[in-house]
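Listed below, chain by chain, are the residues.
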Amino acid sequence: MRNILQNRRLRHRILVLVPLFIAAVWTLFPIYWTVVTSFKTSAEIAAKPISYFPHAATFENYIKAWSIGGFSRYFFNSVFVSVLSMIFTVILATMGGYAMARYKFRGKTAFTLLLLCTQFIPTAMLIIPLFQIYKTVSLINSHWSLIITYSVFHIPFNAMLMSTFIKGIPFSLEEAARVDGCTAREAFMYVLLPVLMPGVAAIAAYSFISSWNEYLYALMFMTSQRKYTLPIGLSMMIGEYSINYGQLTAGSVIALLPVVLLFMYVQKYMVSGLSAGAVKG
């Protein structure tokens, strides 16, 4: 009987682990190949048979990608746009989510439905009207056009997400703080916000990564090369007749690093925020 149970457990593990292993390889191999290629020389990249590990690892591709063609400028342009978009989105989405979760007002259901409907609008169809608006107010070729656009697009969804987070927190926490002498602002800042940190971390990561990876609006609104963001900078590395795969993969790895570091930080912060919320609850 024990052998039968062990065989069943073994078959169950095989049926679960094998598909997971295949899915993991399918997902991670392109990332691995990009990283490996970024450390190869041009001759080794073009050599046959292909090598799955660089024979003589070099940082030449990273140095050239960073210093040649203005890639470092593209990187800092993306940092500026993404960070400011994230800050505006977090502040306004948190305020909007709090109002939707805690206050009752006329038209609240219709307002929520309107926010939801904004997510069904294809962003590509808004390029021409937004371009005309920004041209009128002299924001074409300004990073503020991207910051405003990204923030406006991200706020509705994140406000609804924050509203869900806030509804899950008992209002008695704020009431207890008010009884102890806190103002409404102090109760929000010092009692509710620490418990909300998992939600804040989630919408911050979503906003940053969406802004960091956005290509179409940055291509349409930025007319000078020195204003380009990272996705456009990477596309500039693809020539008409040739592609420098070493520099392109090195640039891709550089573009990936902030996202990876952000997820590492967010994951840690979400765990600590959930623990704090459990203690306070």
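Sequence positions are assigned chain by chain, starting from 1 and proceeding in written order. A pLDDT threshold of at least 70 governs which residues receive local features in this predicted model, and a stricter bar of 80 or more applies before side-chain atom pairs are shown or counted, although totals over entire chains, interfaces and linings include all residues. Just so you know, side-chain values use all the structure's heavy atoms and leave hydrogens and water out.

## What to know about unusual backbone geometry
The phi dihedral of S138 is positive, around 60°, even though this residue is not glycine. One non-glycine residue, N141, lies in positive phi territory at about 65°. Secondary structure elements follow DSSP: runs of H or I of four or more residues count as helices, runs of E of two or more count as strands, with numbering from the N terminus. For N141, the location among the structural elements is in the loop between α6 (127–136) and α7 (143–167).

## Comments concerning the side chain of T249
Following the sequence through the fold, T249 ends up in helix α12 (residues 245–280). Any pair of nitrogen or oxygen atoms within 3.5 Å is treated as a polar contact; in protein, a donor-acceptor pairing is required on top of that, and neighbouring residues in sequence qualify only through side-chain atoms on both sides. Polar contacts involving the side chain of T249 include one to the main-chain carbonyl oxygen of G246, which spans 2.9 Å. Should any heavy atoms of two residues lie within 4.5 Å, those residues are considered in contact. Excluding residues within four positions of it along the chain, T249 makes contact with T34, T37 and S38.

## Overview of α6
For each residue, the accessible area found with a 1.4 Å probe, counting protein chains only, is set against the maximum for its type, and the residue is called buried under 20%, exposed over 50%, and partly exposed in between. If you check which residues of α6 are buried, you get I127, L130 and Y134. The buried residues of α6 occupy an angular sector of 70° when the element is viewed end-on, so they sit on one face. Turned more than 90 degrees away from the buried face of α6 sit I128, K135 and T136, all of them exposed. Contact partners of the buried residues in α6: α7 and α10 (216–221). Two residues or fewer past α6, S138 is found with a positive phi of approximately 60°. The directions from the helix axis to the C-beta atoms are what the arc is built from.

## Quick notes on the packing of aromatic side chains
Pairing of aromatic side chains requires ring centres within 6.5 Å, counting the rings of Phe and Tyr and the six-membered ring of Trp. Pairs whose planes differ by under 30 degrees are stacked, by over 60 edge-to-face, and all others tilted. In this structure the tally under the stated criterion is 24 aromatic pairs. Geometrically, the ring pair formed by F153 and Y217 is edge-to-face, given 5.6 Å between the ring centres and 65° between the ring planes. Residue F153 is found in helix α7, and its partner Y217 is found in helix α10; the two are separated by 64 residues along the sequence. Classification of Y217 by relative accessible area gives buried; the value is 2%. With 5.3 Å between their ring centres and 50° between their planes, F157 and Y206 make a pair best called tilted. On the criterion of sequence distance, the pair formed by F157 in helix α7 and Y206 in helix α9 (residues 184–213) is long-range, its members being 49 residues apart. The partly exposed category is assigned to F157, whose relative accessible area is 33%. The class for Y206 is partly exposed, based on a relative accessible area of 35%. Put simply, the rings of W66, F71, F75, F76, F208 and W212 pair up and form one aromatic cluster.

## So, the confidence of the model for the protein
As a general rule, the predicted coordinates of low-pLDDT regions are not to be interpreted in detail. Residue-level confidence of the predictor, termed pLDDT, takes values from 0 up to 100. When the pLDDT values of the protein are averaged, the result is 84; 91% of them are 70 or greater. Mean pLDDT across the elements of the protein bottoms out in α12 (72) and peaks in α6 (93).

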